[in-house]
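# Structure at a glance
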Amino acid sequence: MATAADRVQWSWTRSSCVSIFFIFVLDVLKCSTMVCAILKTRETTTGCAFPSVTNGVRMLFSDGKVRADYADFVDRQIAAVRRVHAGEEDLPALHADKLVRTLVAAADSRQFGSVLAGWRDEETVVRARADEPAVFVEKMLAELAVLSQAEFRSGSSAVFTRPIGEFLHYYESSGTTGDPVAAPKALDDLAANTINIGEMWRRVLTPADSALILINGPFAPAGYQFEKVMEYLGVLSLRLWVDNVTGDYTRILRLLRELSVSTYVGSPSRLLEMLHFAYRHGEPLPRFRRLLLMAEQAGPSLLRHLERLTGAKAFVGSFGSSETGTTAATCEQGRLHLQVQSYLFELADSRGIRPVRGDRDEGELVVTCLDLRARPLLRYRTGDLVEVTGTPCPCGVALPVVRTLGRVHDVMRLGGDGVRQEDVESVLWAENSPEPGHFTVLNYMLVLRGSDVVCLLTTDREPEAPSLDAVRRRLAGLFDGRNLSVRTVPALPPLASLGSYLGWKLSRLVDLDDPAMTDRLPPPIAEVVRVSLAEIEASTGLRPAIPLTEGTR
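Rules used throughout
- Residues numbered from 1 in each chain as written.
- Predicted model: local features only at pLDDT ≥ 70, side-chain atom pairs only at ≥ 80, totals over all residues.
- Heavy atoms only, no water.
- Pairing = 2+ DSSP bridges.
- Helix = DSSP H or I, 4+ residues; strand = E, 2+ residues; numbered from the N terminus.
- Axes fitted to C-alpha atoms, helices over the stretch in contact; angles between N-to-C directions.
- Contact = heavy atoms within 4.5 Å.
- Buried < 20%, exposed > 50% of the residue type's maximum accessible area, 1.4 Å probe, protein only.
- pLDDT = per-residue confidence, 0-100.
- Salt bridge = Lys/Arg side-chain N within 4 Å of Asp/Glu carboxyl O.
- Parallel < 35°, antiparallel > 145°, perpendicular 65-115°, else oblique.
- Nonpolar A, V, L, I, M, F, W, Y, C, P; charged D, E, K, R; others polar.
- Expected span 1.5 Å × (residues − 1).
- Polar contact = N/O pair within 3.5 Å; in protein donor to acceptor, adjacent residues only side chain to side chain.
- Left-handed = near helix turned anticlockwise from the far one by under 90°.
- Core = buried A, V, L, I, M, F, W, Y, C linked by side-chain atoms within 4.5 Å.

This part covers the sheet that holds strand S19 (residues 509–511). With respect to topology, four strands assemble into an open sheet ordered S18-S17-S16-S19, the strand pairing being mixed. At either end of the open sheet lies a strand with only one pairing partner, and these are strand S18 (483–488) and S19. When the angles between neighbouring strand axes are averaged without regard to direction, this sheet yields 20 degrees. Examined bridge by bridge, strand S16 (residues 441–449) and S19 share three bridges and lie parallel to one another. Following the sheet pairing, Val447 is matched in S19 by Val510. Strands S16 and strand S17 (452–459) of the sheet are contacted by helix H14 (residues 421–428), whose axis makes an angle of about 130 degrees with S16.

All right, on to unusual backbone geometry then. Positive phi values are uncommon outside glycine, yet Ser260 reaches one of about 50 degrees. Mapped onto the secondary structure, Ser260 falls in the loop between helix H11 (250–259) and strand S3 (263–266). Exposure remark for Ser260: the relative accessible area of 54% places this residue in the exposed category. One non-glycine residue, Ala295, lies in the positive phi region at around 80 degrees.

Right, let's talk about the sheet that holds strand S2 (residues 236–240) for a bit. What the five strands build is an open sheet, ordered S2-S1-S3-S4-S5; its pairing is parallel. Only two strands of the sheet have a single partner each, and these edge strands are S2 and strand S5 (313–316). Neighbour-to-neighbour, the strand axes of this sheet turn through a mean angle of 15 degrees, independent of strand direction. As paired elements, S3 and strand S4 (residues 290–293) share four bridges and run parallel to each other. Considered in S4, the bridge of Tyr264 is made with Leu291.

Overall, the predicted model of the chain reaches an average pLDDT of 83, with 80% of residues at or above 70. Segment residues 1–59 is flagged for pLDDT under 50; beyond a separation of four residues in sequence, or across chains, it makes 110 contacts in the model.

This part covers the pattern of salt bridges. Tallied over the full model, the rule gives 38 salt bridges. Between Asp371 and Lys98 there is a salt bridge whose closest N-O contact spans 3.0 Å. Here Lys98 lies in helix H5 (residues 91–106) and Asp371 lies in the loop between strand S11 (361–369) and strand S12 (380–388), a separation of 273 residues in the sequence. Comparing Asp371 with Lys98, the two get one shared label, buried. Here Arg472 and Asp469 are joined by a salt bridge, their closest N and O atoms 3.0 Å apart. Separated by three residues within a single helix, Arg472 and Asp469 lie in helix H15 (residues 465–476), roughly one turn from each other. Overall, Asp469 belongs to the partly exposed group, its relative accessible area being 30%. Connected through salt bridges with shared partners, the residues Asp349, Arg351, Arg354 and Asp361 form a single ionic network.

Let us now look at the packing of helix H13 (residues 300–310) against H14. Packing of H13 against H14 leaves a shortest axis separation of 8 Å and a crossing angle of 40 degrees. When the axis of H13 is compared with that of H14, the two are oblique. Facing H13, whose interface residues are Pro300, Ser301 and Leu302, H14 presents Gln421, Glu422, Glu425 and Ser426. Taken together, the residues of the contact of H13 with H14 sort by class into two nonpolar, three polar and two charged.

Time to look at helix H9 (residues 187–201). If you check H9, its first and last C-alpha atoms are 21 Å apart, about what 15 residues at 1.5 Å a residue would give, namely 21 Å. Counting buried residues in H9 gives 15 out of 15 residues, a clear majority hidden from the surface.

What follows covers the pairing of S5. In the case of a regular strand, side chains alternate between the two sheet surfaces. In this structure, S4 lies alongside S5, joined through four bridges in parallel fashion. Residue pairing in the sheet places Leu292 in a bridge with Phe315 of S5.

To continue, consider the side chain of Asp371. Overall, the relative accessible area of 14% leaves Asp371 in the buried class. Engagement of the side chain of Asp371 in a polar contact is seen with the side chain of Gln77, the distance being 3.4 Å. Here Ser342 takes part through its side chain, which lies 2.6 Å from a polar atom of the side chain of Asp371. Those residues within four positions of Asp371 in sequence are excluded, and the remaining contacts are Gln77, Lys98, Asp189, Ala192, Gln341 and Ser342.

Attention shifts here to the environment of Thr330. By secondary structure assignment, the location of Thr330 is in strand S7 (residues 325–330). You can call Thr330 buried: its relative accessible area is 0%. Distance in space between the C-alpha atoms of Thr330 and Val204 is 8.4 Å, their sequence separation being 126 residues. Excluding anything up to four places from it in sequence, Thr330 contacts Met200, Trp201, Val204, Leu292, Phe315, Val316, Gly317, Arg335 and Leu336.

Before going further, it helps to examine the environment of Pro463. Within the fold, Pro463 resides in the loop between S17 and H15. Spatially, the C-alpha atoms of Pro463 and His438 are 7.7 Å apart, while their sequence positions differ by 25 residues. Ignoring sequence-local partners within four residues, the contact set of Pro463 consists of Phe439, Leu468 and Thr488.

Moving on, we come to the packing of H9 against helix H10 (residues 222–233). Following both chains from N to C, one finds H9 and H10 inclined at 60 degrees, their axes separated by 9 Å at the closest point. The orientation of H9 with respect to H10, classified from their angle, is oblique. Between H9 and H10 the crossing geometry is right-handed. Within the contact between the two elements, H9 uses Leu190, Asn193, Thr194, Ile195, Ile197, Gly198, Glu199 and Trp201 and H10 uses Tyr224, Gln225, Phe226, Lys228, Val229, Met230, Tyr232 and Leu233.

A separate point is the nonpolar core. Among the nonpolar cores identified, the biggest contains 133 residues, and Trp119, Phe136, Trp201 and Met274 are the most heavily contacted of them. Ranked by size, the runner-up nonpolar core spans 17 residues in total, among them Met445, Val489, Leu495 and Ile536.

So this is what it looks like as structure tokens:
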């Protein structure tokens, strides 16, 4: 007799997954219109006809049933996402249905198995489906405990509902801010995430575009995920990375020129480092049409700064994490939209936790993943601060608009005041001055020790003393009561390129009095920090309060 899981959960058997071509799975996941356009072009230019596309997807699965089931899943997923975008979907019903399926799956995990044991019973499922959808979702959220980052990181594999061999790819988070988090990808959640991003980015990109994916995290899923999105859209992509020690971008800059790459996909700090490398080595600055930025907080001042340097239109392209997947993606208006078809969203602050209902609100984002049934996360506190704007977007997509405010731990307290990334960058990256001899601040790092604050700058030219002092005066208001100095350096320490791993507070605002700055860093990052602190001491004369130690794992 079929179990509750058999009746409500779409899944893959171990025997089916074994038959998948692991290297090339999803490599040709594309919308039919994109593929047909490409094939028509190639047939015209080469005289070669290509096979037709079935169900809008070309597959490379050896197992015929897997091919058919997967094509059906993709078609249904695309149709549902487009209905949600158009405001034509019954969201409460969709959420209730997906939440039931997720709870049945989660009951098979070690993390949730004891509290959700009743969801292995068919009668529980029947009763849940008899409830009014919105009431059921609200009731379940009230009953489920919140999952903290610390609790999850201490045993992230406990959320798995399938044997590890039934996942397609194994990834982990960087582990720079705690224990590494296991983030393997199963076929269904990889497909759902690809479609969610792709259906938003197709409003920004076309098959005529090309993309550099520059994400220095070979063991994290982001680079691979965005490569899948580009394939979904029929966009040529280059997925590259740069050695953190040499920081040599020569080959990448050459490829950007030769291939006329139109789009940058990656973190702001990596792009800034590449631009500075070009300045230092007399290379032409790379020019783009679009920047799709992620993995770091990018406020309006940083976006405008990067637009001036590259000639591109800058977007915060996506927002999420290795463990949750992509919770928000950009539209053509440059606004992030919460992917409500795949998540239940809540906000947490001193007033408690409440659902995101579309009205203006802000707090720490709490997510329940609805399309992540191989490793479900229920009411997971992300540590990310966001603002739901409460206003519809001119793009017409019927998804809530969200603005990221940075990580909870990325506020630097100076006495009773807090200094945020945007506070500093709005001073450093105001609009370019028309005055002769004006210099441009390319990048920065702030170093604190006792009452001293040193702002290290890289610039496009060596500024004159009065111009540098003008920057110091503008910054002084943020550091009232501190001894502030501003210095230019040929290059920033390696920490400045690691914002996507370490966050702003550790990578750009280095507090030498804070022992936690160096706690529990894995050896590769610890070595980068050692080098950075040595360079900071050489540049400023300031040294950490305690020697850097590797920390216990």
